[in-house]
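Chain and residue survey
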Amino acid sequence: MSLKGKTAIVTGGSRGIGKAIAIKLAQQGANIVINDVVELEKMESAVTEVKAFGVDCEALKADVSNEEEVKDMVKTVIDKFGGIDILVNNAGITRDGLLVKMKESDWELVMDVNLKGVFNCTKGVIRSMMSKRSGCIVNISSVVGITGNPGQANYSASKAGIIGFTKSVAKEVGARNVRVNAVAPGFINTDMTDGLPEAVKEKFMENIPLGRYGDAEEVAEVVAFLCEDRSRYVTGQVITVDGGMAL
Ligand code: NAP
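Described below are features of the structure shown in this document. Predicted model only: the values in this text are computed from it and were never measured.

**Structural notes on the site of the ligand**
Contacts to the ligand come from 29 residues, most closely from R15, D36, N90, Y155 and T190. Within the backbone of V64, a nitrogen or oxygen atom sits 3.1 Å from a nitrogen atom of the ligand. Starting from 890 Å² of accessible surface for the ligand in isolation, the protein chains cover 91%. Mapped by element, the contributors of at least two residues to the shell around the ligand are α1 (16-27), β2 (31-36), α6 (153-173) and α7 (191-194). Partitioning the shell around the ligand into residue classes produces 14 nonpolar, 11 polar and 4 charged.

Quick look at the structure:
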């Protein structure tokens, strides 16, 4: 129970990798705030699964790309839990397409959710963490933010942006004992990857030395490590969880 008594916000936490992270942090004793953009009823099953570990869990609806909604969410969490120890910026979307056909709206939406969302949530919690001289932020990037990927110029740029953001903020807040790291998953079995054409999936598989796709729990394990005291001297890092795909 290495996170007993801590409070963690997991954005986009009602399904996929976010839900696995919420469950893993709850297993370690953290109280969990599941954020998502969907209606509260759709977050109920994740809340029930988290509460099964005997921790407190609240679902809060907020669009991470909306600064005011994020501010309200952070205020609600601080009022209820007395502070925030962990923020996992997991919410993310894709709007794939080759650059020649990519609409400006597809560029903007992906940047707003994936990159501005990370900015909004981090800015929202950072003062509280700095004044407590303790805090841990994990940003979910992607291997395509490191390697690039055809058809994902918007998504890859947003995920590369997260890496630059992570390193910069880690340098800004390290002196206050706030750590900021990124996890870059490879191909993970979730709704996000389910819909990809078989040919695209096969292409990914050719480049995965471990010869299989990853599970959300395998990403959650690394996120949990980065939130725990075991990683207290690790900050500004990008850890790939990709079966070797980015090698
Ligand atoms: P997912 O199954 O599509 O889940 C994404 C979650 O984010 C959903 O619950 C979604 O809500 C939520 N969300 C979307 N827009 C939001 C917003 N504006 N505000 C708050 N929440 C929002 O995706 P996933 O595969 O679990 O991915 C989670 C993270 O890992 C993402 O950042 C993704 O880019 C990254 N990642 C995934 C893979 C992979 O292979 N799956 C690989 C590398 C990186 P809705 O239910 O409303 O859509």
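**Observations concerning the packing of α1 against helix α2 (residues 44-51)**
Two measures define how a pair of helices packs: the angle their axes make with one another and the distance between the axes. Where α1 contacts α2, the axes come no closer than 9 Å and their chain directions differ by 20°. By the angle between their axes, α1 is roughly parallel relative to α2. Note that α1 runs across α2; the crossing there is right-handed. Where α1 approaches α2, its residues K19, A22, I23 and A26 are matched on the opposing element by S45, A46, E49 and V50. Considering only residue class, the contact of α1 with α2 consists of 5 nonpolar, 1 polar and 2 charged.

Thresholds, definitions, all that
- Residues numbered from 1 in each chain as written.
- Predicted model: local features only at pLDDT ≥ 70, side-chain atom pairs only at ≥ 80, totals over all residues.
- Heavy atoms only, no water.
- Near = heavy atom within 4 Å.
- Polar contact = N/O pair within 3.5 Å; in protein donor to acceptor, adjacent residues only side chain to side chain.
- Areas by Shrake-Rupley, 256 points an atom, 1.4 Å probe, with all protein chains shown as cover.
- Helix = DSSP H or I, 4+ residues; strand = E, 2+ residues; numbered from the N terminus.
- Nonpolar A, V, L, I, M, F, W, Y, C, P; charged D, E, K, R; others polar.
- Axes fitted to C-alpha atoms, helices over the stretch in contact; angles between N-to-C directions.
- Parallel < 35°, antiparallel > 145°, perpendicular 65-115°, else oblique.
- Left-handed = near helix turned anticlockwise from the far one by under 90°.
- Contact = heavy atoms within 4.5 Å.

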